[in-house]
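As a plain string of letters, each chain reads:
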Amino acid sequence: MKKLIVIAAAAIAVSCGNKQQAQQSESDSTIVATDSVVVEEVAPENNAAELDAKAIEKIQKFYKDYVFGQEEATDEVINSYCTKKLAKKLADDYEYEGGGYAVWDFRSGAQDGDSDVQKVNNVEALGEGKYKVSYNDMGTKGSCIISVVVDGDNILFDEISNK
């Protein structure tokens, strides 16, 4: 019986020591241990890096498919990429009959160019939800700043400025 109590005490001591080690914070994450579940909580700087990666991917896809691509920016597309405020601006800037969206607001404004190349060269996170998009628009190098907001799990373009 005495041996059983010593083994139980040792097991409790080891368990408590492991819990303390599991709860120590590291620079990039925190491990929180309960009796049977270990949950990793991501530090805020990792959330920002993850948000930046998702926003950059979304910006690149939008340019590839709708700005420089051949796919039409329908209501459904614009609503999945843009806030209502930006969707209204793009609709207001559309200068043709029948309605649509001025996706050319994301471009340099060049009508024709020396090249057929239309591609994003770089998307750089500037912080505070702003991203600088550098591109080649038919030989004309251009850039713009896209501001994004997070709506639940969705990243939406909120403003665009050509700079």
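These numbers were taken from a predicted model, which means no experiment stands behind them.

### A few points about the nonpolar core
- In this structure, Phe 62, Tyr 63, Phe 106, Ile 146 and Phe 157 are the most contacted members of the largest nonpolar core, which totals 29 residues.
- Mapped by element, the contributors of at least two residues to this core are α2 (44–67), α3 (75–81), α4 (84–93), β4 (130–137), β5 (140–151) and β6 (154–162).
- Counting residues per element, this core draws most heavily on α2, at seven residues.
- Ignoring anything within four residues of it in the chain, the contact list for Phe 106 reads Phe 62, Tyr 63, Val 67, Leu 86, Leu 90, Tyr 135, Cys 144, Ile 146, Phe 157 and Ile 160.

### Some points on the environment of Val 117
- If you trace the backbone, Val 117 turns up in the loop between α4 and β3 (118–127).
- Counting along the chain gives 19 residues from Val 117 to Asn 136, while the straight-line C-alpha distance between them is 6.6 Å.
- Excluding residues that lie within four positions of it along the chain, Val 117 makes contacts with Asn 136, Asp 137, Met 138 and Gly 139.

### With respect to the pairing of β6
- Where β5 and β6 come together, eight bridges link them in antiparallel fashion. What sits directly across from Asp 151, in β6, is Asn 154.
- With antiparallel pairing between neighbouring strands as the criterion, β5 and β6 make up a hairpin whose turn holds two residues, including Gly 152 at a positive phi of roughly 70°.

### Things to note about the sheet that holds β3
- The antiparallel open sheet is built from four strands, whose spatial order is β3-β4-β5-β6. In this open sheet, the two edge strands, each paired with only one partner strand, are β3 and β6. The average undirected angle you get between the axes of adjacent strands in this sheet is 30°.
- The pairing of β3 with β4 spans eight bridges and is classified as antiparallel.

Analysis parameters
Residue positions are given per chain, counted from 1 along the sequence in the order it is written. In keeping with the model being predicted, local features are shown solely for residues with a pLDDT of at least 70 and side-chain atom pairs are shown and tallied solely at 80 or more, while totals for entire chains, interfaces and linings include all residues. The side-chain figures draw on all heavy atoms in the structure; neither hydrogens nor water molecules are used. Buried Ala, Val, Leu, Ile, Met, Phe, Trp, Tyr and Cys residues form a nonpolar core when they are joined through side-chain atoms within 4.5 Å. With a 1.4 Å probe rolled over the protein chains alone, any residue whose accessible area is under 20% of its type maximum counts as buried; one over 50% counts as exposed, and the rest are partly exposed. Strands here mean DSSP runs of E at least two residues long; helices mean DSSP runs of H or I at least four residues long; both are numbered from the N terminus. Only heavy atoms matter for contacts: two residues are in contact if any of them lie within 4.5 Å across the pair. Only when DSSP finds a minimum of two bridges between them are two strands counted as paired. Think of each axis as a best-fit line through the C-alpha atoms, taken over the contacting stretch in the case of a helix, with angles from 0 to 180 degrees between the N-to-C directions.

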